[in-house]
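What the coordinates show
As a plain string of letters, each chain reads:
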Amino acid sequence: MSDGDDEPADAADEPAPDESESTDAPADEPDAAETAGDGATESEDDGPRPEERERYETLLARLSEAEDALVAAETEADLDGVEATLDEIEADIEAADFTDPEAFQPDEEELDEDEEIEELLDFEEELTNELQDLQDELEEQRGPYAEDVVSEIEAAKSTVEGTRWTETGDGQVAAAIETFVTDVAAELGTDLAGDDADALDATVAAVEDAALDADEDEETIAALLDLADALHSGVEDSQAFADLSSRAKLQYEGFYDVLGKHKDYPPEWSAVKEWTKRDDAEMVALCMEHFGDSEYMQKHCLEAFVRMGNPEAIEVLKEKAQRRTLKAVEALGKTGHPDAVEGVADYIDSDSNPQLQKTALRAIGELGATDYTADVAQWLVAEREDVRSAAARALGLLGDTRAIAPLGDVLADDESEGVRASAAWALYQIGTARALETAAEHAETRSFLVQSEAEKAATALD
């Protein structure tokens, strides 16, 4: 029996296999890297848009070069060159026809529960954002220009002319302009003087005549812009009428000048009563404007307009009427002026708001707007008797003979004693023989209210 020491002698002398050679695979078998197949993850460069990625990277490199050129730019000509380059890149980005990355995304239904959709780079968006940043930086690097100085002066002039200043503010503005004009004259080495808007116009002309170059005269332009900033600050710090408190504004307008030793509180109410006696709608309107947040003063001002019936208040009242303010609609009617009609007529049909409708009906009658006779007459058959009554009385105020027949029908047939009485009153107000006869026919009625109005008509006929 062998113990393992009697192996053939030549077996130990056989050479070991070459470890550098494969003994298990055919020589032409593909490399392991090549056998990864479809299961291997694609690199970013081998993704679904290789050609688009190449265009993207080329454009990105061009943007980087443009950025370097922008940093190095020293003159307006240099900046013009960068701008032209950016315009070319912008056109190429638009022509690149990049695909929306969402087109490469799989349906969520195809994903496993634990998988998330990979966010793919939006080439066009990335390039556009980078381009926009460079364009913004380019604009910031340009100038300053003489045109900027002119624009600043003209803006200051617009503020000066478009603002209402107090007496103190007028002096402050004049001082700011005078200082500015003097300093600009010194900077440009020219003769300028003045403290008003005309002086600013002369200063604009001087800046334009100087023909300042953005490169060669950069320091001068910057100095002029600093002076323009100082002008703006001086104008803005001047006292404007709008800066005053409500009471200070009224004081400035002389609103409180009518107050004597004895006055009610608040003083605004006392002043409104005095201005009402003087039929001064403008002063009452000023109070309503400056105390617009006070319901108390709004109420008293509107009541003052009702008492005055002054047509000068029409525009103010129209604005209030647009907000369906009853007192404003009532006050418009009291003016008796045709310009007030449009502030009232729209509410004749406001049956969802009977109080507003009744107020509008009366106002349209007081205004004598006979163009609306038919619009008013249709409410003689309204469901609410108070609206029917208001319509009848409005027709009486209008005095339009076309209303005689419908008023006669109401007088004869309406179930409400009050509405019938209003119809009889309206016929009496119209006052023609036919209208009086129509009302007088009911002088013997059992209703005291109707009989009373009908007897007036009968007496008028005699």
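That block above? That's the structure.
Below or above, wherever it landed, is the structure these notes cover. Source: prediction; values computed, not measured.

Thoughts on the layout of surface pockets
- Looking at the second largest pocket, its volume works out to about 150 Å³.
- Lining the second largest pocket, in full, are A285, L286, M288, E289, G292, Q298, V316, E319, K320 and R323.
- When the residues that make up the lining of the second largest pocket are grouped by side-chain class, the tally is four nonpolar, two polar and four charged.

A closer look at the environment of I314
- Within the fold, I314 resides in helix α13 (residues 314-321).
- Among the residues examined, I314 registers a relative accessible area of 4% and is labelled buried.
- Sequence separation between I314 and T335 is 21 residues; the distance between their C-alpha atoms is 7.7 Å.
- Setting aside its immediate chain neighbours within four residues, I314 contacts L332, T335, H337, D339 and A340.

Quick look at the side chain of H232
- Structurally, the position occupied by H232 is in helix α8 (residues 218-236).
- A distance of 3.0 Å separates the side chain of H232 from the backbone oxygen of E152, its partner in a polar contact.
- Apart from the residues within four sequence positions on either side, H232 is in contact with E152, A155 and A156.

Quick look at the pattern of salt bridges
- All chains considered together, the criterion is met by 21 salt bridges.
- The partner of D201 in a salt bridge is K157, and the shortest N-O contact between them spans 2.8 Å. Placement of D201 in helix α7 (residues 197-209) and of K157 in helix α5 (residues 146-162) is noted, with a sequence separation of 44 residues between them.
- In this structure D201 comes out as partly exposed when scored by relative accessible area, which is 34%.
- A salt bridge links E319 to R323, with the nearest nitrogen and oxygen atoms 3.4 Å apart.
- In the salt-bridge network here, residues are joined through shared partners; they are E76, D80, E83 and R142.

What to know about a negative patch on the surface
- On the surface, a cluster of negative charge is contributed by E65, E67, D68, D133, D136, E137, E139 and E140.
- Contributing elements (two or more residues each) for the negative patch: α2 (50-72) and α4 (123-141).
- In this structure, E67 sits in helix α2.
- For E67, a relative accessible area of 30% puts it in the partly exposed group.

Some remarks on unusual backbone geometry
- Its identity is not glycine, yet D97 carries a phi of approximately 55 degrees, on the positive side.
- In this structure, A211 takes a positive phi of about 50 degrees despite not being glycine.
- Residue position: A211 is located in the loop between α7 and α8.
- Residue classification places A211 among the exposed residues on the basis of a relative accessible area of 60%.

The rules behind the values
- Residues numbered from 1 in each chain as written.
- Predicted model: local features only at pLDDT ≥ 70, side-chain atom pairs only at ≥ 80, totals over all residues.
- Heavy atoms only, no water.
- 1 Å grid on protein atoms, 1.4 Å probe; cavity = no way out; pocket = protein on both sides within 12 Å on 5 of 7 lines; lining within 4 Å.
- Points joined across faces, edges and corners; volume = space filled by probe spheres on them.
- Nonpolar A, V, L, I, M, F, W, Y, C, P; charged D, E, K, R; others polar.
- Helix = DSSP H or I, 4+ residues; strand = E, 2+ residues; numbered from the N terminus.
- Buried < 20%, exposed > 50% of the residue type's maximum accessible area, 1.4 Å probe, protein only.
- Contact = heavy atoms within 4.5 Å.
- Polar contact = N/O pair within 3.5 Å; in protein donor to acceptor, adjacent residues only side chain to side chain.
- Salt bridge = Lys/Arg side-chain N within 4 Å of Asp/Glu carboxyl O.
- Patch = residues over 30% accessible without salt bridge, like charges linked within 9 Å, V, L, I, M, F, W, Y side chains within 5 Å.
- Areas by Shrake-Rupley, 256 points an atom, 1.4 Å probe, with all protein chains shown as cover.
- Lys, Arg positive; Asp, Glu negative; His and termini not counted.
- Charge placed at Lys NZ, Arg CZ, Asp CG, Glu CD.

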